[in-house]
Structures are given as C-alpha cells and as structure tokens.
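Single-letter residue listing:
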Amino acid sequence: MKKNMQEVLHSQDPYLFMARSITQTAQEPVLVLNSDLTVMAASEAFCSCFDCEDSEVAGMAFSEWEREEFLSDQIYKTLKSFRRGEIKKVVSYTTQKGDFQRQFSVNLGAIPAGEEDQLLLISFREQKREKTMEEANEQKSLQEVLEHAPALICILRGPNHIFEAANENYLQLVNNRDIIGRSVKEALPEVVSQGFIKILDQVYGSGEPFIGSEIGVKMDSGSGTRQHYMDFVYQPMRTAGRVDGIFVHAVDVTEKVEFRQKLIQGRDELQNIIDTIPAIIWITDKEGKSISLNRNWEEYTGQSVSKALNMGWLEQVHPEDRQRVGEHFLECNREQKTYSVSLRLHTKDGGYRWVMDKGAPKYDSNGNFEGFIGTVVDVHDDKMKEQLVREKEHKMGSIVEQATVATAIYTGREMRIEMANDAMIRLWGKDRSVVGQTLRKALPELEGQPFHDLLDKVYTTGKTYWGREDKVDLLIDGKIQTGYFNFTYKALRNEQGEIYGILNMALDVTEQVLIRKEIQESEKRYQDIILSSPYPIATFKGEDFIIEIANDAMIESWGKGKNVFGKPLLSVFPELVEQDFDKILSDVYTTGKPFKGYEMPVSLFRNGKREELYYNFVYYPQRDLYGKIVGIVDIAIEATPQAELKKKLEQSEFHYRQMADLMLEKVINTDPQGAPIYFNQNWLDYTGMSSEELKEDDWTSFIHPEDITQFREQWQSSLTTGSKLETEIRIADKDHNYAWHLSRAEAVKDDQGNIKMWIGTNTEIQRLKEEEKRKGDFLKMVSHELKTPVTSIKGYVQLLLKVLENLQSTELDKMPFKPSLQRIDHQIVRLTRLISEMLDLSRIEEGKLELQKEKFHLNQLVDDTVQDISLTNTEHNIQVKHDLNCEVVADKDRIGQVLINFITNAIKYSPVNQEIIVSVVTAGEAAVAVQVKDKGLGIDPKDQEKIFKRFYRVGGENEETYSGFGIGLYLAKEIIQRHNGKIEVNSERGKGSEFSFILSTV
C-alpha cells in the first residue's frame, strides 16, 4: 500500500505529501481527511486492522463509509462539529460484529492547511474489553504519533523565522542546539549561505508552499561539517488570513543518496574492470540482440561496437560457421539455457582465428529473464591441442561459476545433492561432506519450513519457482541464523523430456534489507570480482604502489606468499626497477594511460630462485568517484609456455628453411587455402625473382600455357579433398626456357586431420623426358623397319601355301612343306602383333591413339575372333557361350585386339588344362561383359594390379618359357578405358584366371 516518496513529491500537492508522510511513518491505525471529510490517506496499520487497502479508501467520502466495524455516529457527528482552531477531541466507542466485540479509543486533531483550510487526523487505538483509557492518555497517543514520527518537523514564526517548536528528530539534526525562540539565521548560521533563508522568505512572502527533493544541506555536527540530503515541504501557516509562520516537514534521505552514489561509483569501477579483462565481454537483451560489448571487441575484430550491435556481430563470423552459430545462439536465448560454441572470428588483421564464445542467461531481482552475458576468448593457438582446449573450457566454466550466484543441483525426488559450488556451500554454512547426501539429511533445519514442499511441487509439475527475499533459517556455526534470499528452483530434464532433478540458484540478499549494509555488499562484490577471478589481478594504492588487493592467482604467480599486503610493490620485487617497471608504473599513474604488455619478458625472484618469465598484462589507472587517480589495477596472465614454444617454433622453422635451401628440388610451402608462404633458394635462383615477387605475381604463371589449366584443376581438387598431388608440368626459368618437372604436393595435417599447410616440390625431369622421347622414336623406327620385311615374308608364305593347296603331287604331300609354312605363318602373325602393339604403345604415350567407332554386333565379333584363333591353334578347346546378344558402338578392330590378347594369354598360360571358355553376359543395366576363363597357372593377388602396367611380366621359375614384352594387357586396359569401360581380373594361383572387359550396349 506504500507509495514511493518521490512519487508523492512529484504530485506537487503539499497537503497530500503531508498526509502520506504522516500515514507512512505512523505505527498505529491512522486516517487523514481534508476539510470536506474525504479520506486522503490511511496508514498500513489501519488497513491491516480493518482489512482494507489504501487505494480502496483514498478519495472516499467519510459519510459514505459502509464498514460498521469502525464507523459510528459519534465519530461522524464529532467530525461534522469540528471547528477550525480546535486541536484535539477524544471519543471512544464499542463495535459489535457477531460474537466479537471491539473497543477503541479515538483521537481527533487538526493541522493547518492553507489560509482557511485544515487536515483532520484520526488515530485509533484498540483496547482490551476489560480496560478503558482516559481521555488524557488518548490525547497523548495522538501527540506520540507526531512526536515519534521519523520525519523532521518544526514550526517557524514571523518574517524572521523564529523557531517556535521542533520535534526530537529535528533537534538531533541540528546537534541538539538551543534553537527555540531564536531565528534560523542566529540558530543555524551555516545554512545562511546555502539558500534556505531565501526560500523561507519566498514562502512567507508569497504564501505558496515549497517542495524540495534530495536537497543538499551542510550542518555543523560539533566535530565538523556533515553533508545531509533532504526531502521537505515549507507549508505557510495563516492566522486571520495572513501568513504568520511556516510549518516545516522534512525526511532525511542522506543514506539513500549516498548509497546511490556508491552504486554509481561501484558500477563505473566494475565497467573499468570489465574493459581491462583480456577477453571480449558481451551483453544481449531478452530478444537476443547485442546491446553492449567492451572495447576488446573492436580491438580484436576491427569492427566498431556500433556495427556489432543487434546481430551485426555475426558479420565477423566465418561464413562456414555463421548459420550454425546464429541458430545455436537464438535457440539458447529462446530456451534461456547456457550458450557455448567454438567459431572462427574475423580479426582486424584480415584473417580468421578460433575463439570460444560462452554466455549464460541473466535475470533481474524479480527473476525476469533480461538476456545473456558472456565472453569471447581467443583459443586459436590451442584449438588443435585437445588437452589445452579442455583446460581453457574449465577455466571459462570457473569464471562463469564464480561470476554467478550460489548454485546447486538436486537429483531424484528425494533431492540428493549432486553438485554444489563453493558459494552454495558457504551459504549453507556447511562443508563439502554434504555433497551426495539428501537435502533433508544435509540441512535438517529446513524441516518445518516450506522449501521441501516447494521442491517437490517443482519436481512434479515442472514449473519454475522464483523466491524473492524469502526468509530462511539455517544452522550455521552451531546456531540458527536467519537470512533472506532471492532464489530459483528450476526443473532439469533429460533428452526424453523427463524431469530428473532441480537446479537451485540463490543469492543472499539479507544485507540488502538495510541501506548501510548495501554499501558494504557493493564494496564486497567489487573485491569478489578480483578475488574470484581465475586471472591474476592486483591493485596498487598510491604513488608508492602499495599492494592493497591481490587474488590467489596473483599471489601464486608472485610466489611470495600472502605477507606482501600493505607493502610497496617495488620493495617486494626490487628486481623490477632494473627492468624499468618503476617507470612504466609511474607513467600510468601520472598520465592515466593504460600500459599493455604482450609476451613481455620479466625476471622475478619467486619461490626462492630467479626465474625468466613471460607475461601478457595490463596496468590500468584506478580512479575515485571524482576521477582522481588513486592507484593501479594489474591484470596479468603468465605466457611463459607459449613464448618458449614460439621461440622453439621459430628456431625449427629456421632449420627447416636452411635444409630446404640445400635441396635440389624447388620447395614451396602454402597455407591450407593454397596461398604460398615460402619458396626455397632453388626456386629463387631458377626464376630470378624474390620470394615476395613470387607471392605477388603468382608462381603458377611460370607454368607452360598448355599445362597450366590441367595443373590448376588438379591443384584445386587436392585443396578441396586433401589428397596428394602428382603431375608433370613444364616450368619456365628466368631466361623463359621451359623444362619438364615432376610436381608433387602433400598436406601436413594435425592429430584431428585438419590441414595445417601444404609442402610442395618440383623436381626437374627434363633429361628423363628426353630419354623417353628417344626411346619412343627408337620403338617407332624398329617397328616400321621390321614391319616391311615381315609383311613381305607373310605374303610369300601365303602365296606358297595357296600354290601347295592346288598341287596334288603325291611326292609333295609326303614332304613337310605345308606344316613348315604354317608354322612360319603363325610366327609371322605373332611378330606382326608385337610390332602393332609397339606402335600402339608409342601412339598412347604421344596421345595419338585414335578410335574409329562404329555400331556392330559384339557376339559376331566374338565368334569370328575365336574361329580365327582356332584355325591356328588346334591344341586348345575354345568354347563360346552367348547369354546376351547385343550391339555396341566402339572401334571394332581395337575391341578385337583386346579379345585376341585375352584369348592368346589364356592359351599361353594354360599348357596342361587346354579348356578355355569365352562368355558374353549381362553386366548390369545397358552393359555387357566379355569373359575369357582358363584353368591355367593363375596369378598371385599381389601381381593382379601390376600386370596392366607397361613392360611388366609376372616373375616365376619358368618365366623364360613364355614370350612377350609385357605390353599387351597395358594396351588392352588403355583401349577399354578410352571406350569408358573397365577391365576386371579374377584369378587364383594354380587354379586359373578369368579376364573380362565391360562396355555399354546400344
């Protein structure tokens, strides 16, 4: 029912202000009416006693009141007959409601209000039925209401403002000075220069009241001057229509004003701490839009804070992470659950770095969700090291835990304590032995209090319970202590949505009940931020840099123990002077400019020995409420392992580059995207350019125009898939002469398979290519030279065989002319095939093997080929099976060449079992397979891939028994692949082989 005093003041109604002041400070049932007998205000005790609300009775005419339990004709008649100038009247009456009788004594009084008006004050005191109070005691009761009110009240008379009366509170304000009968100027000389006499003169002269809100006044306390702040009313008093005095009603609001100033100072100091923490701090509203970032955001990303507001910060997230991060954050915001994600963030240097972005929901004092608060920490250097990542996550988890309120988790309906942080343990006044116990066992003092029922209701319904300043009795240090807490009970659910426990978050607000202790709590929170931070933080006071505060992390980092407090920093660490830290500290203290050090070397005596260390730190000036520098805040993180590792990496890279410069190959290193970062000396000597010029001009511009398109396609494929690169290209030297190179590239990956960099080599193979060309020219020459005489021999042999077929001489039949000529013809056929294969090999290497495709019946080709081979080889039984009849579009002669190779190989390697089966079968949709199966020697699995390489022959004890150059199967594979088909082999040593080729059907 109480309204804020400031709200009343803003109404600009001095009479309402006076009425509210009286009822808000009265301890007894009190009503204040105006001269029309309309209720202006009712005290809390009145509303409680008569079961009503202030808002219900305010503005109501007393004559229309229908509550018989406190309204009587006697009171109403007395009020109607109340004349201006009367001070008090006492009435008493008894009311009857059912069987219950209540007896009251009632005081009535008048307070001047304007020239002709007055306020009527009604004070009720309920008496026991057996006791009747005297009229004098009733009058005294009304006097006590005014006398004991916490307001400051006095009456000034005449134009010189002579003190006529003052209550005890007013006398305490003026240090109990003798003021009655003296003017304000004489009694309180210190207020003369503060403008109050002028205001009093204005009120006295104009007859208009004056209302002051939080007006400062300096009063002499006897031992010095004390600053007060007042809410007050100067109300003119009249006699016979003329102003002859001023009624002063004031409320001392000094503590409220000073508390607000303290809070503002604490908030500013907290913002300074946030800005100096070496991490990005962000805050969002309940819609998930960014409303605040500390300056580390702009320093890290290069994006201004204004552009990052709302959802602008997502523009700095890597495109591959942006959608995932944005959706995950909005999901966490909707569900008000903890947010944690790793992402790549664009930096002001133009690159991307891995960061850990974490946040937690925040609530106001009423438990209403306000948004998120979180941090962004660079974890790029440690991203690839799983252990270091876990340590950072643990540290960040600790920061969140320490920055939030006391937290505990209870599981099961029996409320077993699964987890409780240190803040909650301290809140309970217990130790960690309670973890694992049920709440009833750990805190038996909660029996008889409502919390077990509340927890059970949350567990069974799933509805969150918000407690605001709830009273809790806890057994602490052997005795029951009463505290007041803001807390929540929130149901926890598993993946199936079933409730398995309750999250309890609590904040002790006991000390906030009193304003004085609120100030102490504000100061404590400031120190807690420092002391609970996992980062080493210390504050140094004054020009001598006295160690005032240092958290455990800083104490541990110093290695000096806790006896350093109150000592000058440079006396504890004199070795800092020789390293010029005294100058750095003095510069920060005198100029107010922060100093930041990154991996700065520091030599310290700690734990009894001198150590060479490296730190990331900031010295930040600490200011008081008036902006004066009073000390320095030191926030530091030891970076010794990182700095030493960086040195080792630099040394390792130096050795690597020395070794690369000694290599004959042209060595290049690129980043994961293929951008060059290093060329060895051989590259520079070959091209005649510097490393910077090669990076700027694109080294691939040195590749021959006929090779560059294919190379770039293969290189891009490797960058995309992470596969190795191996190809032959021509690279120009500084004289623009091209030489053949074997170009290789291989990715360097971390333990998680992520590409860290590429290492490439280019080995000159110009001489090898020239040798291959000479070999090809030789093969062409030999083939052409052999083909001419062989063709002639074959012609003569065929002529003689034809002549012999026409001769019927008996003597000729007895002579072995015909068998001999047939064997000669067979050998010539083999020699002709070998020559053709050598020519085909040369054409393939030059890329000139042409296909004359036509549509033909594959089954007919198989029959004709088998028939031709059977005429010259009568020892083997070649069977043909047609499971599919089809036509194909292909080079008929080349397909026949492949089939001849398969069948002749089957004959060659089947000296004992001479049965060979040739089959035409279906090989899937719109495909046909031609299979040649023998029961010969077979092929080992290790040789089955190698037999399709040129010049390769399977080794064995009887290798010399089988003729051939090892190019037949190589040619067969090339021919089938150029038809977009494939060759398959299925073989087992000692049991035979099955070769097949597959083509598309028409």
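Keep in mind it's a predicted model, so treat the numbers as computed, not measured.

1. Details of the packing of helix α29 (residues 858-872) against helix α30 (residues 892-908)
In step 1: Packing of α29 against α30 leaves a shortest axis separation of 10 Å and a crossing angle of 45°. Classified by the angle between their axes, α29 and α30 sit oblique to one another. In the crossing of α29 with α30, the sense of the turn from one axis to the other is right-handed. Where α29 approaches α30, its residues L858, L861, V862, T865, V866 and I869 are matched on the opposing element by K892, I895, G896, L899, I900, I903 and I907.
In step 2: Classifying every residue of the contact of α29 with α30 by side-chain character gives ten nonpolar, two polar and one charged.

2. Looking at the sheet that holds strand β18 (residues 465-476)
Strands belonging to one sheet form pairs held by backbone hydrogen bonds; the direction of such a pair is parallel or antiparallel.
In step 1: An order of β17-β16-β20-β19-β18 is seen for the five strands of this open sheet, with the pairing classed as antiparallel. Edge positions in the sheet fall to β17 (416-420) and β18, since each has one partner strand and no second. Mean inter-strand twist for the sheet, computed between neighbouring axes without regard to direction, equals 35°.
In step 2: When β18 meets strand β19 (residues 479-493), the two strands line up antiparallel, connected through ten bridges. Across the sheet, the residue bridging to G467 is F487, located in β19.

3. Structural notes on empty space enclosed by the protein
Gaps between atoms show up when a probe of the same size as a water molecule is rolled over them.
In step 1: A complete count under the given rule lists nine cavities of 30 Å³ or more for this structure.
In step 2: Here the largest cavity is characterised by a volume of approximately 270 Å³.
In step 3: When residues of the lining of the largest cavity are traced back to their parent elements, those giving at least two are β6 (152-157), α7 (168-173), α9 (196-206), β8 (210-220), β9 (225-239) and β10 (242-252).
In step 4: Residue composition of the lining of the largest cavity, grouped by class: 18 nonpolar, no polar and no charged.

4. Observations concerning the pattern of salt bridges
Two side chains carrying opposite charge are able to pair once their charged atoms lie near each other.
In step 1: Enumeration according to the criterion identifies 33 salt bridges in this entry.
In step 2: A salt bridge links R177 to E190; the shortest N-O distance between them is 2.5 Å. With a gap of 13 residues between them, R177 in the loop between α7 and α8 (184-187) and E190 in the loop between α8 and α9 connect regions that are remote in the sequence.
In step 3: By relative accessible area, R177 is classed as partly exposed at 22%.
In step 4: Three or more residues joined by partner-sharing salt bridges are found here, namely E320, D321, R324 and R344.

5. Section: unusual backbone geometry
In step 1: You will see that H161, though not glycine, has its phi angle at about 60°, which is positive.
In step 2: As for its placement among the helices and strands, H161 is situated in the loop between β6 and β7 (162-166).
In step 3: On the basis of relative accessible area, H161 is assigned to the buried category, the value being 3%.

6. Some remarks on the packing of α30 against helix α31 (residues 968-978)
In step 1: Two elements in contact, α30 and α31, have axes separated by 9 Å at closest approach and are oriented at 145°. Regarding α30 and α31, the two cross each other, and that crossing is left-handed. Mapping the contact onto sequence places R894, I895, Q897, V898, N901, F902 and N905 in α30 and G968, L969, L971, A972, I975 and I976 in α31.
In step 2: In terms of residue class, the contact of α30 with α31 is built from eight nonpolar, four polar and one charged.

7. Points about the pairing of strand β25 (residues 629-638)
In step 1: Burial within β25 is extensive, with seven of its ten residues counted as buried.
In step 2: Bridge count between strand β21 (residues 537-541) and β25: five bridges; the pairing is antiparallel. Looking across to β25, one finds that T539 is bridged to V633.
In step 3: Pairing of strand β24 (residues 609-623) with β25, which is carried by nine bridges, proceeds in the antiparallel orientation. Paired with Y619 across the two strands is D634, which belongs to β25.

8. Examining the environment of E764
In step 1: Within the secondary structure, E764 sits in strand β30 (residues 755-764).
In step 2: Residue E764 is classed as partly exposed on the basis of its relative accessible area of 45%.
In step 3: The spacing of E764 and I731 is 33 residues in sequence and 9.0 Å in space, taken between C-alpha atoms.

9. Some words on the nonpolar core
As a rule of thumb, soluble globular proteins bury nonpolar side chains together.
In step 1: L858, I895, F902, I903, V918 and F997 are the most contacted members of the largest nonpolar core, which has 34 residues in total.
In step 2: Sorting the residues of this core by element identifies α29, β33 (887-891), α30, β34 (915-922), β35 (927-934), α31 and β37 (992-1000) as the ones contributing at least two each.
In step 3: Looking at which element gives the most residues to this core, the answer is α30, with seven residues.
In step 4: Not counting chain neighbours up to four residues away, the residues in contact with V918 comprise V862, V866, I878, Q879, V880, K881, L899, I903, V930, Q931 and V932.

10. Some points on helix α13 (residues 319-335)
At 3.6 residues per turn, the α-helix brings residues three or four places apart onto the same side.
In step 1: Taking 1.5 Å as the rise per residue, α13 with 17 residues should run 24 Å; its terminal C-alpha atoms sit 25 Å apart, in good agreement.
In step 2: Buried within α13 we find D321, V325, G326, F329, C332 and N333. Within α13, the buried residues cover an arc of 135° as seen down the axis, which keeps them to one side. Of the exposed residues in α13, those oriented more than 90 degrees away from the buried face are E320, Q323 and R334.
In step 3: Of the surrounding elements, those touching the buried residues of α13 are β11 (280-284), β13 (339-346), β14 (352-363) and β15 (369-378).
In step 4: Two residues or fewer after α13 comes Q336, characterised by a positive phi angle close to 55°.

11. Quick word on the sheet that holds strand β22 (residues 546-550)
In step 1: Pairing is antiparallel in the open sheet, where five strands are placed in the order β22-β21-β25-β24-β23. On the outer flanks of this sheet lie β22 and β23 (595-606), each paired with one strand and no other. Each adjacent strand pair in this sheet contributes to an overall mean axis angle of 35°, direction not counted.

12. Comments concerning the confidence of the model for the protein
Detailed reading of the predicted coordinates is not advisable wherever pLDDT is low.
In step 1: Per-residue confidence for the protein gives a mean pLDDT of 80; residues scoring 70 or more make up 76%.
In step 2: Looking over the protein, one finds the lowest element-wise mean pLDDT in helix α1 (residues 5-10), namely 42, and the highest in β35, namely 96.
In step 3: Taken as a whole, residues 1-11 scores under 50 in pLDDT and shows 29 contacts with residues more than four places along the chain or in a different chain.

13. Considering helix α21 (residues 581-591)
In step 1: Among all positions in α21, only F581, I584, L585, V588 and Y589 are buried. Seen from one end, α21 has its buried residues packed into an arc of 130°, which puts them on one side. Exposed residues on α21 whose side chains face more than 90 degrees from its buried face are K583 and T590.
In step 2: The elements touched by buried residues of α21 are β21, α20 (569-572), β23, β24 and β25.

14. Some points on the side chain of H228
In step 1: Relative to the assigned elements, H228 resides in strand β9.
In step 2: Within the structure, H228 has its side chain in polar contact with the side chain of D252 (distance 3.4 Å).
In step 3: With sequence-adjacent residues up to four places away left out, H228 is seen in contact with L173, I215, G216, V217, M219, D252 and T254.

15. Let's talk about a negative patch on the surface
In step 1: On the surface, a cluster of negative charge is contributed by E692, E693, E696 and D697.
In step 2: Relative to the elements of secondary structure, E693 occurs in helix α24 (residues 691-697).
In step 3: On the basis of relative accessible area, E693 is assigned to the partly exposed category, the value being 36%.

16. Section: the environment of I703
In step 1: Turning to its location among the elements, I703 is positioned in the loop between α24 and α25 (705-721).
In step 2: By relative accessible area, I703 is classed as buried at 3%.
In step 3: With 35 residues separating them in the primary sequence, I703 and Y738 have C-alpha atoms 8.2 Å apart.
In step 4: Beyond its immediate sequence surroundings of up to four residues, I703 is in contact with I708, F711, I729, R730 and Y738.

17. A few points about the packing of aromatic side chains
In step 1: Applying the stated criterion across every chain yields a total of 30 aromatic pairs.
In step 2: With 6.1 Å between their ring centres and 80° between their planes, F545 and Y589 make a pair best called edge-to-face. Placement of F545 in the loop between β21 and β22 and of Y589 in helix α21 is noted, with a sequence separation of 44 residues between them. Across the pair, Y589 and F545 agree in class, each one buried.
In step 3: Among the aromatic residues, those joined into a ring-pair cluster are W282, W313, F329, Y339, Y363, F369, F372 and W466.
In step 4: Here K666 stacks its cationic end above the ring of Y686, 4.1 Å away from the centre of that ring.

About the thresholds
Chains are numbered independently. Their residues run from 1 in the order of the written sequence. Restriction of local features to residues with pLDDT of at least 70 applies here, the model being predicted, together with a cutoff of 80 or more for giving and counting side-chain atom pairs; totals for whole chains, interfaces and linings are based on all residues. Side-chain numbers here rest on the full set of heavy atoms in the structure, without hydrogens or water. Orientation is described by lines fitted to C-alpha atoms, with helices fitted over the stretch in contact, and by angles between N-to-C directions that extend from 0 to 180 degrees. Put simply, DSSP H or I for four residues or longer makes a helix, DSSP E for two residues or longer makes a strand, and each gets a number counted from the N terminus. The labels follow the angle: roughly parallel below 35 degrees, roughly antiparallel above 145, roughly perpendicular from 65 to 115, and oblique for the rest. Should the near helix be turned anticlockwise from the far one by less than a right angle, the crossing is termed left-handed; should it be turned clockwise, right-handed. Here a residue-residue contact requires only that any non-hydrogen atoms of the pair lie within 4.5 Å. For this scheme, ten residues count as nonpolar: Ala, Val, Leu, Ile, Met, Phe, Trp, Tyr, Cys and Pro. Four count as charged, namely Asp, Glu, Lys and Arg, and the remainder, Gly too, count as polar. Between any two strands, at least two bridges found by DSSP are needed for them to pair. The distinction between a cavity and a pocket rests on a 1 Å grid over the protein atoms alone: a 1.4 Å probe fits inside a cavity but cannot get out, while a pocket stays open yet meets protein on both sides within 12 Å along at least five of seven lines, and a residue with an atom within 4 Å of a point counts as lining. Grid points are joined across faces, edges and corners, and a volume is the space filled by probe spheres set on the points. Within this document, salt bridges are pairs made up of a side-chain nitrogen of Lys or Arg and a carboxyl oxygen of Asp or Glu, the two lying within 4 Å of each other. Each residue gets one of three labels from its accessible area relative to the maximum for its type: buried under 20%, exposed over 50%, partly exposed in between, using a 1.4 Å probe on protein chains only. Definition used in this section: a nonpolar core is a set of buried Ala, Val, Leu, Ile, Met, Phe, Trp, Tyr and Cys residues joined via side-chain atoms within 4.5 Å. One fewer than the residue count of a helix, multiplied by 1.5 Å, yields its expected span. Here, the arc refers to the directions that run from the helix axis to the C-beta atoms. pLDDT measures the predictor's confidence residue by residue and takes values from 0 up to 100. By the criterion applied in these results, polar contacts are pairs of N or O atoms within 3.5 Å in which, for protein atoms, one can donate a hydrogen and the other can accept it, and in which residues neighboring in sequence qualify only through two side-chain atoms. Patch membership requires more than 30% relative accessible area and the absence of a salt bridge. Residues of like charge join within 9 Å; the nonpolar side chains Val, Leu, Ile, Met, Phe, Trp and Tyr join within 5 Å. The protein chains shown are the only cover counted for residues, whose accessible areas, like all others here, come from Shrake-Rupley with a 1.4 Å probe. A residue counts as positive if it is Lys or Arg and as negative if it is Asp or Glu; His and the chain ends are not included. Lys charges are placed at NZ, Arg charges at CZ, Asp charges at CG and Glu charges at CD. Only centres within 6.5 Å qualify two rings of Phe, Tyr or Trp (six-membered ring in Trp) as a pair; their planes then separate them into stacked at under 30 degrees, edge-to-face at over 60, and tilted for everything else. Each ring is checked for a lysine NZ or an arginine CZ that lies within 6 Å of its centre and within 35 degrees of its normal; such an atom marks a charge sitting over the ring.

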